[in-house]
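The primary structure of each chain is shown beneath.
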Protein chains: 2
Amino acid sequence: MAAGEFDLIAQYFAPLAPGHGARGLLDDAALLDVGPIVITTDAIVEGVHFLPGDPIGSIAQKALRVNLSDLAAKGARPLGYLLSLQWPDTRPAQQIAAFAQGLAQDQAQFGISLLGGDTTRTPGPLSISVTAYGHPLRRDPPARAHAQTGDDVWVTGTIGDAVLGLAALQGETLGLSDDQLTVVIERYRRPQPRVAAAGLIARVARASMDVSDGLLGDALKIARASGVAIDLSIDAIPYSDAGERWIGGDAFSERAQRLSGGGDDYEILFTASADKAASITAWQKEHDLPVTRIGAVRAGAGAGAGVTAGSWPIIGFSHRLGTP
Amino acid sequence: MAAGEFDLIAQYFAPLAPGHGARGLLDDAALLDVGPIVITTDAIVEGVHFLPGDPIGSIAQKALRVNLSDLAAKGARPLGYLLSLQWPDTRPAQQIAAFAQGLAQDQAQFGISLLGGDTTRTPGPLSISVTAYGHPLRRDPPARAHAQTGDDVWVTGTIGDAVLGLAALQGETLGLSDDQLTVVIERYRRPQPRVAAAGLIARVARASMDVSDGLLGDALKIARASGVAIDLSIDAIPYSDAGERWIGGDAFSERAQRLSGGGDDYEILFTASADKAASITAWQKEHDLPVTRIGAVRAGAGAGAGVTAGSWPIIGFSHRLGTP
């Protein structure tokens, strides 16, 4: 692909970069002058974060959305991104049009544009690194380390759908309806970054992060970074209709544990002082997104920092294809 | 590697990120508030941009330096970078310490720090994407598209050493001394971004880019982007002692053509109005870096845009491992 990089950029990627600073992607660097930014980088790799047979447009969107999810969790409005694309020698170059089309759709949906990029061939798997930046909606964005004793713990959306989606794609029989299978597979392939909640997060959150490696493990990250203990209410963890059906209504089952320990949710896990509860409840009534109180923060510095969730073991790990 | 990402970051990469905005790499995003920036992203892939047996510290430095080279060519002083690292399942994790050490050395040398990052395992080759940003030393940095009729064409340093370095590593007999072999191999593995020339570039350059895909092809990119013709003086192209020895003093030989058409030089190719010549000559006398006038820009819009270099064919292509 290297030989045609110039043409490729001109044909497929330059239209994604209308901004003055992007210089039509015809330059070696871009100009960015937007004031303070929140910036993040995340890569997805074929066979690790997505399946080789996933639609190429949704692969592009997943690469972008996992980064938009990080911005939303910091209470930032997305502005743009840079793309570093490594295209396998063995994958048809014709797919690049659909790849770029997937990006174009998401740019329109989320109001962002491409600022710069790099494309290269690779003898290995398809790999996409995105660096996304956004406008922080408050001066000091919520950090993992900012949870305080007495905070409530909240999470957006539902947990575990992507775990079921991946299981379905790998041939596991789940006993779900066709519609439910469609929903969970879509949740795995094309996560919904909670961009709409960025304003709420900026307004109410103390600690905040997106749930990418599993709710339980990610809660542990907040607990450790903040030097606190988090008590999770297992039976408050929100599941979708598909999730509820799969766990058979038993919030304490091993199946429920698998969903909460899984990953790829791209929901926002945050803490907020108790006096924010009414405001959060009001917000979620006005928006088409549940925000559920699932626990509380209590004192627990040093070795006491951690997460309790009934009898469930809480470990920090990454749920990734091929991870032992 | 995913399971240990947290420990890995804490042990090896957090020390590279002392800045307040980086939040010790313990967060999902970083804060950046430095005014207007020039920003660029470039990836290097094992088996494409470097050899599997290259020292791991120099691989890390190459990933960083190819980006610093882009910033220098835009007349920008480097400030920091984000790192997206994809580590092969088959490469010993013990090498990560030396990888981080290579970055630490370059951070000290170039006065930059790590702002954020992402690490993941990959079933494929080692792959490193860097997004680097810097402070533009003038308001409107030189672009590829800004060459004007009557400009002189200049290049820093020497051309073709990395071509020889790669050839030597691939077993080609070059007839160079041991010292010359050491020099050209080092030039391939660990390019020297011309960060020190950023001030000069900001002061004098109209069009500018770094030479990564070969001097001739990259000159063609400036010509096409600017809608001009560039006449290169073949016998003015600067070669190192190793390069001169290899071409046997014949600037018009096929060997010289291979060096000028090669790549991985990471020198800066720029145009400047004729009245800047004295200033450029004065600068290079004060610095340990040759800056050589190698051509001139003349009118040549539309189909006339291009490069002439005697009888040499000028094509735009990427000199990469495995490119046909």
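Look a little higher up for the structure.
Residues numbered from 1 in each chain as written. Chains lettered and ligands numbered in written order. Predicted model: local features only at pLDDT ≥ 70, side-chain atom pairs only at ≥ 80, totals over all residues. Heavy atoms only, no water.

Asker: Explain the relation of the copies chain A and chain B here, please?
Answerer: One copy of the chain maps onto the other through a rotation about an axis plus a displacement along that axis. Laying chain A over chain B is done by rotating through 180 degrees and shifting 0.0 Å along the axis; what remains is an RMSD of 0.0 Å. This pairing of chains is accounted for by a two-fold axis. Relative to the rotation axis, the closest C-alpha in chain A is found at Gly124(A), a distance of 2.2 Å. (Least-squares fit on C-alpha atoms with pLDDT ≥ 70 in both.)

Asker: What is the right way to read the interface of chain A and chain B from this model?
Answerer: Contacts between chain A and chain B engage 59 residues on the former and 59 residues on the latter. For the pair chain A and chain B, the interface holds 8 salt bridges. The partner of Arg144(B) in a salt bridge is Asp28(A), with the nearest N and O atoms 2.7 Å apart. On inspection of chain A and its partner chain B, the count reaches 29 residue pairs in polar contact (both at pLDDT 80 or more). Elements that contribute at least two residues to the side of chain A that touches chain B include exactly strand S1 (30-32), strand S2 (37-45), strand S3 (76-88), strand S4 (113-122), strand S5 (127-136) and strand S7 (208-211) of chain A. No other element matches S2(A), which puts 8 residues into the side of chain A that touches chain B. Considering only residue class, the side of chain A that touches chain B consists of 24 nonpolar, 20 polar and 15 charged. (Contact = heavy atoms within 4.5 Å. Salt bridge = Lys/Arg side-chain N within 4 Å of Asp/Glu carboxyl O. Polar contact = N/O pair within 3.5 Å; in protein donor to acceptor, adjacent residues only side chain to side chain. Helix = DSSP H or I, 4+ residues; strand = E, 2+ residues; numbered from the N terminus. Nonpolar A, V, L, I, M, F, W, Y, C, P; charged D, E, K, R; others polar.)

Asker: Honestly, helix H7 (residues 215-226) of chain B in this entry has me stumped. Any pointers?
Answerer: Since there are 3.6 residues in each turn of an α-helix, residues three or four apart along the chain are aligned in direction. Residue and element names in this part refer to chain B. The terminal C-alpha atoms of H7 lie 16 Å apart, and with 12 residues this matches the ideal 16 Å at 1.5 Å per residue to within 8%. Within H7, 10 of the 12 residues are buried, which leaves the element mostly enclosed by the surrounding structure. Gly227 lies just past H7 and shows a positive phi near 65 degrees. (Expected span 1.5 Å × (residues − 1). Buried < 20%, exposed > 50% of the residue type's maximum accessible area, 1.4 Å probe, protein only.)

Asker: What is the right way to look at the environment of Ile314(B) in this model?
Answerer: All names here are of chain B. With respect to the helices, strands and loops of the structure, Ile314 is situated in the segment after strand S11 (306-308). Separated by 97 residues in the primary sequence, Ile314 and Gly217 have C-alpha atoms spaced 6.4 Å apart. Sequence-distant contacts of Ile314, defined by excluding residues within four places in its chain, comprise Leu216, Leu220, Val307 and Ala309.

Asker: Would you mind going over the packing of aromatic side chains with me for this structure?
Answerer: For any pair of aromatic rings, the description consists of the separation of the ring centres together with the inter-plane angle of the planes. All names here are of chain A. Under the criterion given, the structure shown has 6 aromatic pairs over all chains. When the ring of Phe13 is compared with that of Phe99, the centres are 6.4 Å apart and the planes differ by 80 degrees; the resulting orientation is edge-to-face. Taken together, the residues Phe13 in helix H1 (residues 5-13) and Phe99 in helix H3 (residues 95-110) connect sequence positions 86 residues apart. You'll find Phe13 and Phe99 in the same group, each marked buried. The cationic tip of Lys62 hangs over the ring face of Tyr188; the distance from NZ or CZ to the ring centre is 3.9 Å. (Phe/Tyr/Trp six-rings, centres within 6.5 Å; stacked < 30°, edge-to-face > 60°. Lys NZ or Arg CZ within 6 Å of the ring centre and 35° of its normal.)

Asker: Explain the sheet that holds S5(A) here, please?
Answerer: In a beta sheet, neighbouring strands pair by backbone hydrogen bonds and run either parallel or antiparallel. Ordered by their spatial adjacency, 5 strands build an open sheet running S4(A)-S3(A)-S5(A)-S2(A)-S1(B), and the pairing between neighbours is mixed. One side of each edge strand has no neighbouring strand; the edge strands of this open sheet are S4 of chain A together with strand S1 (30-32) of chain B. Along the sheet, successive strands turn relative to each other by an average axial angle of 25 degrees, direction set aside. Those strands touched by helix H2 (residues 56-73) of chain A are S2, S3 and S5 of chain A, and its axis lies near 145 degrees from that of S2(A). Here H3(A) sits on the sheet in contact with S3, S4 and S5 of chain A, set at roughly 175 degrees to S3(A). (Pairing = 2+ DSSP bridges. Axes fitted to C-alpha atoms, helices over the stretch in contact; angles between N-to-C directions.)

Asker: Looking at this structure, I do not really get the pairing of strand S4 (residues 113-122) of chain B. What am I missing?
Answerer: Within a regular strand, the side chains alternate between the two sheet faces. All names here are of chain B. The buried fraction of S4 amounts to 8 of the 10 residues, a majority that puts the element mostly inside the structure. Pairing geometry for strand S3 (residues 76-88) and S4, over 9 bridges, is parallel. Note on S4: the bridge partner recorded for Trp87 is Arg121.

Asker: Please clarify how the packing of helix H4 (residues 161-169) of chain B against helix H5 (residues 178-189) of chain B should be interpreted in this entry.
Answerer: Packed helix pairs are characterised by how far apart their axes lie and by the angle those axes make with each other. Residues and elements named next belong to chain B. Interhelical geometry of H4 versus H5 gives an angle of 105 degrees and a closest axis separation of 7 Å. As far as their axial angle goes, H5 and H4 are roughly perpendicular. Across the interface between the two elements, Asp161, Ala162, Leu164, Gly165, Leu166, Ala168 and Leu169 of H4 pack against Leu181, Val184, Ile185, Arg187, Tyr188 and Arg189 of H5. Each residue belonging to the contact of H4 with H5 can be placed in one class, and the counts come to 9 nonpolar, 1 polar and 3 charged. (Parallel < 35°, antiparallel > 145°, perpendicular 65-115°, else oblique.)

Asker: I'm lost on the packing of H2(A) against H3(A) in this one. Help?
Answerer: All names here are of chain A. At a minimum axis distance of 7 Å, the contact between H2 and H3 shows a crossing angle of 40 degrees. Relative to H3, H2 is oriented oblique. Pair H2 / H3 crosses with right-handed handedness. Taking contact as the criterion, the partners of Ile56, Gly57, Ala60, Gln61, Leu64, Arg65 and Leu68 in H2 are, on H3, Gln95, Ala98, Phe99, Gly102, Leu103, Gln105, Asp106, Gln109 and Phe110. Classifying every residue of the contact of H2 with H3 by side-chain character gives 8 nonpolar, 6 polar and 2 charged. (Left-handed = near helix turned anticlockwise from the far one by under 90°.)

Asker: Would you mind going over the sheet that holds strand S7 (residues 208-211) of chain B with me for this structure?
Answerer: Residues and elements named next belong to chain B. Strand order across the open sheet formed by 6 strands is S7-S9-S6-S10-S8-S11, with mixed pairing between neighbours. The open sheet terminates on both sides in strands that have one partner only, identified here as S7 and S11. The average undirected angle you get between the axes of adjacent strands in this sheet is 25 degrees. Set on the sheet, H7 makes contact with strand S6 (152-156), S7, strand S8 (228-232), strand S9 (267-272), strand S10 (291-299) and S11; between it and S8 the angle comes to about 155 degrees.

Asker: Looking at this model, I keep getting lost on unusual backbone geometry. Mind explaining?
Answerer: Both trends apply: most residues other than glycine have a negative phi, and most peptide bonds are in trans. Residues and elements named next belong to chain A. You will see that Arg23, though not glycine, has its phi angle at about 55 degrees, which is positive. Here Arg23 shows up in the loop between H1 and S1. Its relative accessible area of 17% is what places Arg23 among the buried residues.

Asker: Looking at this structure, I do not really get empty space enclosed by the protein. What am I missing?
Answerer: One water molecule sets the probe size; rolling that probe over the atoms shows where empty space is left. In the structure shown here, the tally under the stated rule is 3 cavities of 30 Å³ or more. The space that makes up the largest cavity amounts to roughly 50 Å³. Along its surface, the largest cavity is lined by Leu32(A), Val34(A), Gly35(A), Ile37(A), Leu32(B), Asp33(B), Val34(B), Gly35(B) and Ile37(B). Taken together, the residues that form the lining of the largest cavity break down as 6 nonpolar, 2 polar and 1 charged. Estimated volume of the second largest cavity: approximately 40 Å³. (1 Å grid on protein atoms, 1.4 Å probe; cavity = no way out; pocket = protein on both sides within 12 Å on 5 of 7 lines; lining within 4 Å. Points joined across faces, edges and corners; volume = space filled by probe spheres on them.)

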